[in-house]
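Here is how the chains run, residue by residue.
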Amino acid sequence: MKIGLPKEIKNNEGRVGLTPHAVSEFIKAGHTVFVEKNAGVESGFNDEEYIKAGASIVDTKTAWDQPMIVKVKEPLESEYKYFKENQIIYTYFHLAGDRALTDALMNKKVISVAYETMVKDGRLPLLAPMSRVAGKRSVIIAATHLEKHHGGEGILPGGVLGTEKGQFVIIGGGVAGENACRAALGLGANVTILDSNPKAIEFLNKCETCHGLTKIFGNKYIVETATPENIAKWVKQADAVISTVLVRGASAPKVVSEAMVKTMKKGSVIIDIAIDQGGSIETVDHITTHDKPTYVKHGVIHYAVANMPGATPRTATAALVHATTEYGLILAKEGIKAALHNDTILTGINTISGHLTCEPVSKTFTDIKLYDAKELVSKL
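Quick notes on the rules
- Residues numbered from 1 in each chain as written.
- Predicted model: local features only at pLDDT ≥ 70, side-chain atom pairs only at ≥ 80, totals over all residues.
- Heavy atoms only, no water.
- UniProt positions renumbered as here; feature names shortened; annotations may be inferred.
- Core = buried A, V, L, I, M, F, W, Y, C linked by side-chain atoms within 4.5 Å.
- Buried < 20%, exposed > 50% of the residue type's maximum accessible area, 1.4 Å probe, protein only.
- Contact = heavy atoms within 4.5 Å.
- Pairing = 2+ DSSP bridges.
- Helix = DSSP H or I, 4+ residues; strand = E, 2+ residues; numbered from the N terminus.
- Axes fitted to C-alpha atoms, helices over the stretch in contact; angles between N-to-C directions.
- Domains from an automatic or database assignment.
- Buried area = accessible area lost by both parts, 1.4 Å probe.
- Salt bridge = Lys/Arg side-chain N within 4 Å of Asp/Glu carboxyl O.
- Parallel < 35°, antiparallel > 145°, perpendicular 65-115°, else oblique.
- Left-handed = near helix turned anticlockwise from the far one by under 90°.
- Nonpolar A, V, L, I, M, F, W, Y, C, P; charged D, E, K, R; others polar.

Looking at an unreviewed UniProt entry, one finds the protein chain named Alanine dehydrogenase and attributed to Candidatus Malacoplasma girerdii. Within the UniProt record for the protein chain, the comment given under Sequence similarities (unreviewed entry) is "Belongs to the AlaDH/PNT family." Comment text from UniProt for the protein chain, heading Pathway (unreviewed entry), reads "Amino-acid degradation; L-alanine degradation via dehydrogenase pathway; NH(3) and pyruvate from L-alanine: step 1/1."

Below, the structure written as structure tokens:
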């Protein structure tokens, strides 16, 4: 299989879809890899490292002109012109938040395999690495924007002797929420984490494994059920609200209303990690960028950058590629036919043969008919 590795062009996106080591794995498996010039520079990988790994360094068009593309973020409008029929694009798509991209993929009959919808043993193995990064970064971002010169309240999250600590409220106790909780507790802040999943609540409260929060932090945080009443109560008290709410492949539900935001302190901070799925906070009404990451509404600082991990590309790329390479190698060897016997790859298919095949996305775009991915693959 010939594989293209384009350079990411999203605002301040420093990640890259393959490391030189991953490229060498594809080369050893008999594939050919075309890397766009300087694709890995922001992650700390120069062209010479890719050449040493066995890749060819090419221009943008050549990188895209391959039967399989490996990326990090969703293609932007300027890249739609490179789409080809039956081309496999393996990346994050978040289609529920992007109708134009969904239409473009279907119109060009692209085979889109989305990291974020791939399921294995009930988990999201290719979403988890970036959820860990985003969760930890969200706390750093909140702490920074709580500083007075950033327009914040002017508080230190963990306080010092004789002062109050900051109150961090985390909505969603999944991978991102747990990592945000760990980071906030590490800073010494008061932390409340809210979730509606009984299993997540049990994990956060009682887990005694080496990864369990309770074993590390004891009872230094509060866990409550994410009812509208509890969310409203804690949002009002919060210095920082971090929403990590996720519904696989679908638009995020709005769990914090504008009325709740109006009760928050002036100079408090909201971070919506779910912005690439449409956002879960009512006042987060548009995506921001690393160049201009925040805006103020009702006196509250809102952060809504859709590629948060892109700011720490060296770490994020290593974590992502470690997870994606396994399935990328299968796709390169067998093509999309691999989905006939690999359920994880099957769950990643969002569009194929001009049709939408991801049920959560179809619930957002109700005018688009949903097709069975396995049936369509079998006809190729």
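Enquirer: Describe the nonpolar core, naming the residues involved and giving the relevant values.
Expert: Ranked by internal contacts, the top residues of the largest apolar core, which has 46 residues, are Tyr-50, Met-68, Tyr-90, Val-113, Ile-336, Ile-345 and Ile-349. Once residues within four sequence positions are removed from consideration, Met-68 is found in contact with Met-1, Lys-2, Ile-3, Gly-4, Ile-88, Tyr-90, Gly-328, Leu-331 and Ala-332. If you look at the next biggest cluster of nonpolar residues, it comprises 28 residues, including Ala-176, Ala-184, Val-223 and Val-305.

Enquirer: Give me the lowdown on the sheet that holds strand S9 (residues 221–225), citing residues and values where you can.
Expert: In spatial order, the strands read S9-S8-S7-S10-S11-S13-S12; together these 7 strands make up an open sheet with mixed pairing. Strands with a single pairing partner mark the edges of an open sheet, and in this sheet they are S9 and strand S12 (294–297). Neighbour to neighbour, the strand axes of the sheet diverge by 20° on average, direction disregarded. In this sheet, strand S13 (residues 300–303) lies alongside strand S11 (residues 269–272) in parallel orientation, the contact comprising 3 bridges. Bridge assignment links Ile-270 to a residue of S13, and that residue is His-302. Contacting strand S7 (167–171), strand S8 (190–195) and S9, helix H6 (residues 175–186) runs over the sheet at an angle of about 170° to S8. The sheet contacts of helix H9 (residues 228–237) involve S7, S8, S9 and strand S10 (240–243), and relative to S9 the element is tilted by about 145°.

Enquirer: Can you explain the environment of Ala-200? Please cite residues and give values.
Expert: Checked against the element boundaries, Ala-200 lands in helix H7 (residues 198–206). Judged by relative accessible area, which is 13%, Ala-200 ranks as buried. The spatial distance from the C-alpha of Ala-200 to the C-alpha of Ala-250 is 20 Å, given a sequence separation of 50 residues. Filtering out sequence-adjacent residues up to four positions away, Ala-200 remains in contact with Gly-173 and Asp-195.

Enquirer: Which residues make up the domain arrangement of the protein chain, and what values do they have?
Expert: According to the domain assignment, the protein chain contains domain 1 (2–123 + 313–378) and domain 2 (128–303). Placing the centre of domain 1 and that of domain 2 at their C-alpha centroids yields a distance of 30 Å. If you look at the interface, domain 1 gives 19 residues, while domain 2 gives 12 residues. Counting each side, the surface lost to burial between domain 1 and domain 2 is near 1300 Å², with a carbon and sulfur contribution of 57%. Counting the surface domain 1 buries against domain 2, the share from its top three residues, Asn-11, His-94 and Pro-360, is 33%. For the pair domain 1 and domain 2, the number of links is 0 salt bridges.

Enquirer: Quick one: what's the story with the packing of helix H5 (residues 128–145) against helix H11 (residues 313–334), residue by residue and with numbers?
Expert: Remark: H5 packs on H11, axes separated minimally by 8 Å, with the N-to-C direction vectors making an angle of 160°. In this view, H5 runs roughly antiparallel relative to H11, as classed from their interaxial angle. Relative to H11, the crossing made by H5 is right-handed. Only Ala-316, Ala-319, Leu-320 and Ala-323 of H11 make contact with H5, whose side of the interface consists of Pro-129, Met-130 and Val-133.

Enquirer: Residue-level account of the packing of H5 against H6, with values.
Expert: Each pair of packed helices can be described by the angle between their axes along with the distance between the axes. Contact pair H5 / H6: the axes reach a minimum separation of 7 Å and the direction vectors enclose 35°. Regarding H5 and H6, the two cross each other, and that crossing is right-handed. Of the residues in H6, those in contact with Ala-128, Ser-131, Arg-132, Gly-135, Lys-136, Ser-138 and Val-139 of H5 are Val-175, Ala-176, Asn-179, Ala-180, Ala-183 and Ala-184. For the contact of H5 with H6, the class distribution of residues is 7 nonpolar, 4 polar and 2 charged.

Enquirer: A description of unusual backbone geometry should follow, citing residues and the corresponding values.
Expert: At Asn-86, a position not held by glycine, the phi torsion is positive, near 65°. One can find Asn-86 in the loop between strand S4 (68–70) and strand S5 (88–91). At Lys-109, a position not held by glycine, the phi torsion is positive, near 55°. Tracing the sequence through the fold places Lys-109 in the loop between helix H4 (99–107) and strand S6 (111–114). Since its relative accessible area comes to 37%, Lys-109 is described here as partly exposed.

Enquirer: Describe the pattern of salt bridges, and please don't skip the residues or the numbers.
Expert: In this structure the tally under the stated criterion is 14 salt bridges. Put simply, Asp-65 and Lys-84 hold a salt bridge, and the shortest N to O gap is 3.0 Å. Placement of Asp-65 in the loop between helix H3 (60–64) and S4 and of Lys-84 in the loop between S4 and S5 is noted, with a sequence separation of 19 residues between them. With a relative accessible area of 40%, Asp-65 lands in the partly exposed category. Linked by salt bridges that have partners in common, Lys-10, Lys-73 and Glu-74 make up one network.

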